[in-house]
Amino acid sequence: MGTRLPDLTQTQWRIADAALRHADSDADKRACFPVMHELRPHLQDEDDFMQRIGRAADESYRILAAWEEGRVVALAGYRFQENLVYGKFLYVDDLVSAEGQRGKRWGERLLKAVDEVAAQAGVARVVLDTGMANTLAQRFYFRQGMLTGALRFGKPVGSAQ
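Residues numbered from 1 in each chain as written. Predicted model: local features only at pLDDT ≥ 70, side-chain atom pairs only at ≥ 80, totals over all residues. Heavy atoms only, no water.

Draft legend 1. Summary view of the pattern of salt bridges. Counted by the stated rule, this structure contains 13 salt bridges. Put simply, Asp17 and Arg109 hold a salt bridge, and the shortest N to O gap is 2.6 Å. Of this pair, Asp17 sits in the segment before strand 1 (20–22) while Arg109 is found in helix 3 (residues 106–121), placing the two residues 92 residues apart along the sequence. With a closest N to O distance of 2.8 Å, Arg30 and Glu46 form a salt bridge. You can see Arg30 sitting in helix 1 (residues 26–39) and its partner Glu46 sitting in helix 2 (residues 46–57), a full 16 residues away along the chain. Shared partners join several salt bridges into a network, and the residues in it are Arg30, Glu46 and Asp47. (Salt bridge = Lys/Arg side-chain N within 4 Å of Asp/Glu carboxyl O. Helix = DSSP H or I, 4+ residues; strand = E, 2+ residues; numbered from the N terminus.)

In structure tokens:
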């Protein structure tokens, strides 16, 4: 019988980059909302955001944020998962830099830190999805050493259509 991933939602990972830290308190999570809203404009408001990430925390979701002068300028939301394709892996749900912070290497720094977290957790793979039309993100991920491995297909079901 395989071993389950332990609860990693409060683990204090060693992050080498001093500008990066997890947003674990409610105040820190709320500070992430304006940046997350740039990536996920469908989020209705800060309360909707807090409810969604609260539910996602049950699946080990955490936010690693880049902080500059006390405010969030970029973030990576991630979780640990296991499936038959990859085994145990770290999945990056969200990666975004605030509008005025793009081009300052925050994404690169966050992905490097996510790699550190994955290694410390004992998983051998980091996985993320990006839109087919998002060629700028695709070029960025290639530069970070990530390769395409699949196309993901999906469709709405039931009343979600």
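Moving on from the model shown.
Draft legend 2. Molecular detail of the packing of aromatic side chains. Applying the stated criterion across every chain yields a total of five aromatic pairs. Here Tyr86 and Phe89 contribute two aromatic rings whose centre-to-centre distance is 5.2 Å and whose plane-to-plane angle is 70°, an arrangement assigned as edge-to-face. Owing to a relative accessible area of 2%, Phe89 belongs among the buried residues under this scheme. Here the aromatic cluster, defined as three or more aromatic residues joined through ring pairs, consists of Trp13, Tyr78 and Phe80. Note that Arg21 overlies the ring of Trp67, its terminal NZ or CZ placed 3.9 Å from the centroid. (Phe/Tyr/Trp six-rings, centres within 6.5 Å; stacked < 30°, edge-to-face > 60°. Buried < 20%, exposed > 50% of the residue type's maximum accessible area, 1.4 Å probe, protein only. Lys NZ or Arg CZ within 6 Å of the ring centre and 35° of its normal.)

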